[in-house]
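Secondary and tertiary structure notes
Below, each chain spelled out in residue letters.
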Amino acid sequence: MGPTRAQFIQYAPAALAVVPLAAGPWSALAAAAAGAGAWAVGASAPVLRSLIACGLTTTGCGIAASEVLAAGMNPLIALGLAVPAGAAALAHHRNLAGHIPAAELTPATVTKDTGTGTGLTSQEQVIAAFWAEYISGPTQTEDRKLIQPGANLEQLVLQVDGSQVVFTGIITLPPGQQVRVREADIASVYHVPTSQIELGDPKHYAPNALPVTVHLKVPAEQPQIQTGAPTTPQELWAAYVGVPEGAMPGTTLTLTRYDGPLDWEGIATRDRKAIGTVNLQDLAGNLDLETIQIALAPGDKPSQMGIRVMREHALMHGTMLSTVVDELSMDSRGYVRAGTYVDGRPALLPLAQPGSGARHLYLVGGSRSGKSGLLEQILLSAHRSGIAVILASPQAGTIAGASLAAYLGDGLDEAMGALRLAYAMLLDRESRYRSPAFPFTDVLILVVIDEAHMLLSASSPHHDEAKAIVEQLTRRSLKRGIGVVLATQTPLAEDLGNSTIIRSQLLIGGGAVFLRCAKGQGSLVGTNAVEGAEGIDLSMIPSQWPGQYAKVADRDMSGLATEAAAAPEDGTFGLGYLLTPGSQAVQFRSLHLDVPPVSLAGGEPPVGIEHCDAWRERDAIAQTRMVDKRGKNLVGSLADLLAAAEAAASSSQEPAAHHNPAGLHAVPGPARPGGAPAAPDGQELIKPRILELLQEHSIPMTAETIARKLEIPATRVKPRLSELKKRGEVTNENGLWKAAG
């Protein structure tokens, strides 16, 4: 049986490359014969042009070689003329690759050495040549860059089975390097769809050796008659999601990974139109899934959206705080580890912007959502990063890591005092640093406001003052090295005092974390819309993972000595969305506090604030109201503020009868030593009780705690504490009072 058409066209150039050296001018006859043969077997026009070019090149080389030998010149010169002849033959092989019918390829199942070409069939040589030309090298030109130099294709095997042509191999690199060749790269080289490329999963192979399978030719898909209900993800998508009344009308689904009907990933695409806001609840209903089983990943193109369906949520088991201690300190970009994204990548949030200033953070989370745990984690990160903290906690005793703060306002009035001090520090730094850029000779300060709605909402007694101060802090503080972390229970506008300034400045100046909220209070649409988090309803984040109710119920809780510790997967604490500047909100989960964050501080004292006028007068400033009775005219300079604080301190020492309501008369008390009348309202009787309480208890207390234990209004206790401090009988450190000595 004679050679096939494809074999004739392929081996003719090889013969032409050898004949010139032996036959000299007679190679012209060989070239003519090859051309005639190609014409006779009906070669295509591109193949014929390539063959003629190869014949002309080899003929010229043969004639030149013959003349060199006839003239008695060095035979090495004649041998060197074989190089262009061989190059012409190789070029013909490459031009031939797209024109040899796959049906004429012969099966090859033996392992070959692609580096030297030993044992490779001609078809495999073409495959290997294309790989070296465009992917691995070794040559690279200015107008064409290699995909990954050195990523060689080893153990090449070509298989031909009827209408299917497949080659397999292993992409190898030296130890220590990682394969970066992707399906799309290989598809562009061999001109096949990306779906016909299969790369090994790096999780199951060495990073420098990945198997690859390329389907050069696949059987034509036979049309199938659709019967019954749709079953595959693409069918479900077309039937329920992409329809006009679906969650993502006009879209089609392309699967990128499929491990079962409840474990797959894909990309939804809408032809030449933006997908827009996606309602996660509607999408879950279309696919007949729990909301928590679906995660969306917006891409760079508005016409595409990544989809992930999970049988078991990727974040169910959480990331332990103790395992990522080294990632809690700020990196060179000012970011710290806050948790883990749904795709397994570390979730980072910014605390500072090196060379520019601090960053803000907007934190939303209802009861039992993990908000307090994330705040404790932020306090620890600030401590480990050398950032001083002013903590305002209106709800006393709720932050376990409060001891890491340089100043603590624990309780409603004390939290307002912490805000006043933060604003005073801003004024102080503005007076000391006149240039637009803060030179960072002082530490960064983080103003953490927990349960901010207790200060900012219209029902708060401090509403006007707190709103004015927080607006100024969020607007002006970043360049002065002061960032604001503001936490509320809902994203509702009233929780921020109906101030659009506060929300916009928080989002522009940093990022946001959205955790679970109460039903009906977690929508991020309408007046509560946040750019980058469109369509998210935080109230739809479940409090338990699907199927966890039964697991908890099956536990043996008998016996008083039984210790039943909740595992991370039992609840969805810390599950939510992280929004960083310039990105879309991505599902993540904060770190699971398997150890108390404060225990990782190493017992070191809190990071201190620089000794300046505002810090030295912090106690007086914390008790000085900074707006008038109408809530307007916020104090605008440090000098005015210090003068107001001094005036307030002087007025607090005047007889209390000055503050009595009209029409009431103070009853004279026992005389003081020296004949001075006793202070009205039993003020002198309060001080001994305060001293006795502080001496009996060795732990420091806030003014609110002292007032609660003595059953005396805090407004009467605080002035007495200030008087005792001036007499040197008590001390105050970060808002905590204790007996002197």
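Everything numeric here is computed off the predicted structure, so don't read it as measured data.

**Regarding the packing of helix 8 (residues 233-241) against helix 9 (residues 280-287)**
Describing two packed helices takes the angle between their axes plus the distance from one axis to the other. Relative to each other, helix 8 and helix 9 sit at 120 degrees, their axes nearing to 9 Å. The pairing of helix 8 with helix 9 is recorded here as oblique in orientation. The hand of the helix 8/helix 9 crossing is right-handed. Contacts between helix 8 and helix 9 involve Leu 236, Trp 237, Tyr 240 and Val 241 from the first element and Leu 283, Asn 286 and Leu 287 from the second.

**A look at the pattern of salt bridges**
Summed over all chains, the structure comprises 22 salt bridges. Across the pair Asp 263 and Arg 257 runs a salt bridge, and its minimum N-O distance is 3.1 Å. We classify Asp 263 as partly exposed; its relative accessible area is 24%. Across the salt bridge formed by Arg 432 and Glu 610, the nearest N and O atoms sit 2.8 Å from each other.

**Describing the environment of Ser 539**
With respect to the helices and strands, the residue Ser 539 is situated in the loop between strand 18 (510-515) and helix 15 (548-553). In this structure Ser 539 comes out as buried when scored by relative accessible area, which is 16%. Residues Ser 539 and Leu 515 lie 24 residues apart in sequence; the distance between their C-alpha atoms is 8.7 Å.

**Notes on the sheet that holds strand 2 (residues 164-172)**
If you walk across this open sheet you meet the four strands as 1-2-4-3, and the pairing is antiparallel. Every other strand in the sheet has two partners, leaving strand 1 (152-161) and strand 3 (197-199) as the edge strands with one partner each. Here the strands of the sheet are splayed against their neighbours by 15 degrees on average, with no regard to which way each runs. Pairing of strand 2 with strand 4 (residues 209-217) involves eight bridges; the strand directions are antiparallel. Across the sheet, Val 166 pairs through a bridge with His 215, a residue of strand 4. This element, helix 6 (residues 122-136), spans strand 1, strand 2 and strand 4 of the sheet and lies at about 140 degrees to strand 1. Here helix 7 (residues 183-190) sits on the sheet in contact with strand 2, strand 3 and strand 4, set at roughly 145 degrees to strand 3.

**What to know about the environment of His 453**
Tracing the backbone through its elements, the reader meets His 453 in helix 12 (residues 453-456). In contact with His 453, other than residues within four places in its own chain, are Thr 488, Gln 489 and Asp 495.

Basis of the calculations
Residues numbered from 1 in each chain as written. Predicted model: local features only at pLDDT ≥ 70, side-chain atom pairs only at ≥ 80, totals over all residues. Heavy atoms only, no water. Axes fitted to C-alpha atoms, helices over the stretch in contact; angles between N-to-C directions. Helix = DSSP H or I, 4+ residues; strand = E, 2+ residues; numbered from the N terminus. Parallel < 35°, antiparallel > 145°, perpendicular 65-115°, else oblique. Left-handed = near helix turned anticlockwise from the far one by under 90°. Contact = heavy atoms within 4.5 Å. Salt bridge = Lys/Arg side-chain N within 4 Å of Asp/Glu carboxyl O. Buried < 20%, exposed > 50% of the residue type's maximum accessible area, 1.4 Å probe, protein only. Pairing = 2+ DSSP bridges.

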